Amino acid sequence: MMKAKLYILAALAALGWAAPAAAHDHGDPERGAAVFKACKSCHQVGEGAKNRVGPMLNGVFGRPAGAVEGYRYSAGMERERAGGLVWTWDTLDAYIENPKALVSKTRMNFRGIKDEQKRADLLAYLRLFSDNPADIPEAEPTDVSELPNLSPEVLALVGDPAYGEYLSSECTTCHQVDGSDEGIPSITGWPVEDFVVAMHAYKEKIRPHPVMQMMAGRLSNEEIAALAAYFNGL
Amino acid sequence: MKLNRRGFIGATAGATAALAAPMVRAASHGRPKVVVVGGGAGGATVARYLAKDSQGAIDVTLIEPTRTYYTCFFSNLYLGGLVDLNYIAHSYGTLAAEYGINVVHDWATGIDRDAKTVATAGGYSIPYDKLILSPGIDFVEGSVPGWDISAQNEMPHAYKAGSQTELLRAQIMAMPEGGTYAMVAPPNPYRCPPGPYERVSMVARILKQHNPTAKIIIADPKPKFSKMALFQDGWSRHYDGMIEWVGPDFGGDKVSVDPGAMTIDIDGEVTKVDVCNVIPAMKAGRICEMAGITDGNWAPVHARDLRSKMDDNIHVLGDSCAQGDMPKSGFSANSQAKVCANAVRGELTGSAVFPAKFSNTCWSSLDENDGVKVGATYEATDEKIAKVDGFISKTGEDAAMRQATYEESFGWYEGITSDMFG
């Protein structure tokens, strides 16, 4: 949904109109601290937090489920741990919304929070007590990824090479504009269609390369078309 | 290579012209002036993109004291004997000759924000409409008791590449048989989160070849570090028994050194060592503090254009800025530079400003042909640059994948240095 808005912004920007900030509301940690009061009777978080009725919540983002040392988990949570459940923004969000829906027979006796904004606020607060990606780059995201969801009309758009040139600066950190291909492949002069197909294959995670999946994953179809048009002309 | 680049500039000229709105000229002096302080991954990139994309409409000055720039990234590979020093050395000749950037080899020593001028050690006063600071890091005084900058010959930091890197390499090669290399690792946040641990891998590599009974001790104030599982797995596969990591549970956060005696004291236990690589706590390059745009150790900036929160006419890139989730890396600085260049050019010439997009990938070498990486994408929110997605190499990847990642890191090095220096 937000991505669609970005397209419009991008299109306007291409016409020389500076794009303002896209609106974001992914949770306010201050409001989240107030929401956390309901959790406090069982959970501690912050400096010196210890396991109480429930496990302490420092470092919960990126941690496998049921993995706090010294805490005795329910069989249900142990099973989820064995099944590979990891606490991310998305899985925590689902768990807080309805604990027993995600983890059957969890001992967490909590009816859940139906209000999406409250959950976002709570997670933004808890996120403060996990690793910071600036220090440990592999730490869990602090923001929610917005996956593109496009209509056929947008798919039919022809790429704008000027926008492609701007976007290309992300590619040229690794791929050289002179077409050198040692260690990293050349992407100049490709037929537009081949370029578009390859980028979508990365975006859909069909082609396996984590950097390219990541880079293509957040490009809209229009942006891919713009890049294809630009690199085709080099 | 050069021929193609000319073709590239030619091709972009048309596209830019089609977009350009009427130019907003600076009130006082013809072409708008941008002064960039610092010629590393942030500064060189932003200078090059401003000059390239504005087609001469912006007067770009780059102030950088060194004539030959040694990249900090890949300097560990020099320590490990995988590249020679020349490989990481770059000049500013192309930026001056082909992009028309006024490259001033001098130290920026002061900023007058009211007059909008930069003073240099050479006695010049350089006016600007927009100032972009990308000075990298300086060290927090007193962060490692016993160490200060006057001890950097006995106990090198080698965290600004060049003579320090050469010195550290020479000291490693001169270690007695079975000697000890100690590293004092820095607290968060610091330049290049995996850097100290890649360095240990590279030091172990060279010692394994020349001095296989030598030992490595790392005293670390952090309980956890970037790519920890990958490094520890690599160390046990390549350098089993050679490396001892002492985290805060065992006193890694209570360290002092004596450069005269060449000893390191870890929580009361004093050890005589042969090389002591002290990487102190870090802060923004000092020019940021002198400009009065820091809050604590770093310079806070807005996420969308890296504009200082203290001064609308100053932008801060790379290690020096406090922007949010991006790690302090050359890749991050290069990524921020392009967003900043687009925004500054738009403000000065009316060109199109596109939405900010950021990314980072950090490759690390565990040994020759054994590379790992971690990366993420980021976007600008009202509060900060926020991480949205990422990946990290896995332990247990096969040798072919690790070799491909290793080779890819060289491809990236070629790519980013071309992107910086032309």
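These figures come from a predicted structure and were not determined experimentally.

Undergrad: Which parts of the structure should I look at to understand the overall build of chain A?
TA: When helices and strands are tallied, chain A shows 11 helices and zero strands. If you list the helices and strands of chain A from N to C, you get α-α-α-α-α-α-α-α-α-α-α. Buried residues in chain A amount to 39% of all 234 residues. Restricting the contact set of chain A to residue pairs at least 6 apart, pairs at least 24 apart contribute 59%.

Undergrad: Would you take a moment to explain the sheet that holds strand β5 (residues 102–104) of chain B for this structure?
TA: Residues and elements named next belong to chain B. On the basis of which strands lie adjacent, the open sheet formed by five strands has the order β5-β2-β1-β9-β20 and parallel pairing. Bordering the open sheet on either side are β5 and β20 (314–316), each of which pairs with just one other strand. For this sheet, the mean angle separating the axes of adjacent strands, direction not counted, is 20 degrees. As paired elements, strand β9 (residues 130–133) and β20 share three bridges and run parallel to each other. Bridge pairing in β20 links Leu133 to Val316.

Undergrad: Help me out: how do you make sense of the confidence of the model for chain B in this one?
TA: Reading predicted coordinates in detail is not appropriate for stretches of low pLDDT. Averaged over all residues, the pLDDT of chain B is 93; the fraction at 70 or higher stands at 93%. Here the predicted complex carries an ipTM of 0.75, next to a pTM of 0.84.

Undergrad: I'm lost on the sheet that holds strand β11 (residues 180–184) of chain B in this one. Help?
TA: Note on sheets: strands pair through backbone hydrogen bonds, and any given pair is parallel or antiparallel. Residues and elements named next belong to chain B. With parallel pairing, four strands are arranged side by side in an open sheet as β13-β12-β11-β17. Each end of this open sheet is capped by a strand with a single partner; those strands are β13 (243–246) and β17 (275–278). On average, adjacent strands in this sheet sit at an angle of 15 degrees to one another, irrespective of strand direction. Pairing geometry for β11 and strand β12 (residues 215–219), over five bridges, is parallel. Each bridged residue has a counterpart across the sheet, and for Thr180 the counterpart in β12 is Lys215. Helix-sheet contacts for helix α6 (residues 195–210) involve β11, β12 and β13, and the interaxial angle to β12 is about 170 degrees.

Undergrad: Just checking my understanding: could you explain the nonpolar core for this structure?
TA: Soluble globular proteins: nonpolar side chains tend toward being buried together. Among the nonpolar cores identified, the biggest contains 151 residues, and Val36, Val46, Ala47, Leu50, Val316 and Cys340 of chain B are the most heavily contacted of them. By size, the runner-up hydrophobic cluster in this structure holds 19 residues, among which are Trp87, Val103, Leu122 and Ala124 of chain A.

Undergrad: Looking at this structure, how should I read the interface of chain A and chain B?
TA: When the parts come together, some accessible area is lost, and that loss is often what is quoted as the size of the interface. The partner chain B presents 61 residues to the 49 residues of chain A that form the contact. For the side of chain A that touches chain B, the elements supplying multiple residues, two or more each, are α1 (2–14), α8 (161–171) and α10 (210–217) of chain A. Residue contributions to the side of chain A that touches chain B peak at seven residues, all from α8 of chain A. Of the residues assigned to the side of chain A that touches chain B, the class counts are 26 nonpolar, 14 polar and nine charged.

Undergrad: Sorry if this is basic, but what is going on with the confidence of the model for chain A here?
TA: Considering every residue of chain A, the mean pLDDT works out to 83; 84% of them sit at 70 or more. Mean pLDDT values for the elements of chain A range from 38 in α1 of chain A up to 96 in helix α2 (residues 29–36) of chain A.

Undergrad: Help me out: how do you make sense of the domain arrangement of chain B in this one?
TA: Residue and element names in this part refer to chain B. Each assigned domain of chain B is listed with its residue range as follows: domain 1 (2–16 + 24–138 + 283–356) and domain 2 (142–280). Centre-to-centre separation of domain 1 and domain 2, based on C-alpha positions: 32 Å. Residue-level contacts link 17 residues of domain 1 with 20 residues of domain 2. With five residues, helix α3 (residues 75–79) is the single largest residue contributor to the side of domain 1 that touches domain 2. For the side of domain 1 that touches domain 2, the residue count by class is nine nonpolar, six polar and two charged.

Undergrad: When you look at the domain arrangement of chain A in this model, what are you seeing that I'm missing?
TA: With domains assigned, chain A is organised as domain 1 (29–127) and domain 2 (149–232). Centre-to-centre separation of domain 1 of chain A and domain 2 of chain A, based on C-alpha positions: 39 Å.

Undergrad: What is the right way to read unusual backbone geometry from this model?
TA: Most of the time, phi is negative for any residue but glycine, and the peptide bond is trans. All names here are of chain B. Residue Pro189 is reached from Asn188 by a cis peptide bond, and omega for that bond is -10 degrees. Along the polypeptide, Pro189 turns up in the loop between β11 and α6. In the Ramachandran plot, Phe74 falls in the positive-phi region, its phi being about 80 degrees despite a non-glycine side chain. Note on placement: Phe74 falls in the loop between β3 (68–70) and α3. Overall, the presence of 23 C-beta atoms within 10 Å leaves Phe74 in the buried class. Despite not being glycine, Lys116 has its phi angle at roughly 55 degrees, a positive value. Turning to its location among the elements, Lys116 is positioned in the loop between β6 (108–112) and β7 (117–120).

Undergrad: Quick question: what am I supposed to make of the packing of helix α9 (residues 192–203) of chain A against helix α11 (residues 221–232) of chain A here?
TA: Helix-helix packing is characterised by the crossing angle of the two axes and by the distance between the axes. All names here are of chain A. Between α9 and α11, the least distance of the axes is 9 Å, while the angle of their chain directions is 140 degrees. By the angle between their directions, the pair α9 and α11 is classed as oblique. Like other packed secondary-structure pairs, α9 and α11 cross with a definite hand, here right-handed. Contacts between α9 and α11 involve Val192, Phe195, Val196, Met199 and His200 from the first element and Ile224, Ala225, Ala228, Ala229, Phe231 and Asn232 from the second. Counted by class, the contact of α9 with α11 contains nine nonpolar, two polar and no charged residues.

Undergrad: What's the story with the pairing of strand β24 (residues 385–392) of chain B in this structure? I'm lost.
TA: Regular strands place side chains that alternate from one sheet face to the opposite one. Residues and elements named next belong to chain B. With six of eight residues buried, β24 lies mostly within the body of the structure. Where strand β23 (residues 370–380) meets β24, seven bridges bridge the pair, whose relative direction is antiparallel. Pairing of Tyr378 across the sheet is with Lys387, part of β24. A loop of four residues connects β23 with β24, the two strands running antiparallel in sequence.

Undergrad: How should the environment of Pro137 of chain A be read in this particular structure?
TA: Mapped onto the fold, Pro137 of chain A is located in the loop between α6 (116–127) and α7 (152–155). Take Pro137 of chain A: there are 27 C-beta atoms within 10 Å of it, and that puts it in the buried class. With sequence-adjacent residues up to four places away left out, Pro137 of chain A is seen in contact with Pro193, Ser226, Pro327, Asn360, Cys362, Val374 and Ala376 of chain B.

Undergrad: Please explain the packing of α6 of chain B against helix α7 (residues 228–238) of chain B as it appears in this structure.
TA: All names here are of chain B. Their axes nearest at 10 Å, the elements α6 and α7 cross at an angle of 5 degrees. Taken together, the axes of α6 and α7 lie roughly parallel to each other. Where α6 approaches α7, its residues Tyr197, Ser201 and Ala204 are matched on the opposing element by Phe231, Gly234 and Trp235. In terms of residue class, the contact of α6 with α7 is built from four nonpolar, two polar and no charged.

Undergrad: Even after reading the chapter, I still don't get the environment of Pro187 of chain B, so can you show me in this structure?
TA: Residues and elements named next belong to chain B. With respect to the helices, strands and loops of the structure, Pro187 is situated in the loop between β11 and α6. Accessibility expressed as a C-beta count within 10 Å gives 17 for Pro187, which makes it partly exposed. Between the C-alpha atom of Pro187 and that of Phe331, which follows or precedes it by 144 residues, the distance is 21 Å.

Rules behind the numbers
Residues numbered from 1 in each chain as written. Chains lettered and ligands numbered in written order. Predicted model: local features only at pLDDT ≥ 70, side-chain atom pairs only at ≥ 80, totals over all residues. Helix = DSSP H or I, 4+ residues; strand = E, 2+ residues; numbered from the N terminus. Buried ≥ 20, exposed ≤ 12 C-beta atoms within 10 Å, placed from the backbone. Contact = placed C-beta atoms within 7 Å. Pairing = 2+ DSSP bridges. Axes fitted to C-alpha atoms, helices over the stretch in contact; angles between N-to-C directions. pLDDT = per-residue confidence, 0-100. Core = buried A, V, L, I, M, F, W, Y, C linked by C-beta atoms within 7 Å. Nonpolar A, V, L, I, M, F, W, Y, C, P; charged D, E, K, R; others polar. Domains from an automatic or database assignment. Parallel < 35°, antiparallel > 145°, perpendicular 65-115°, else oblique. Left-handed = near helix turned anticlockwise from the far one by under 90°.

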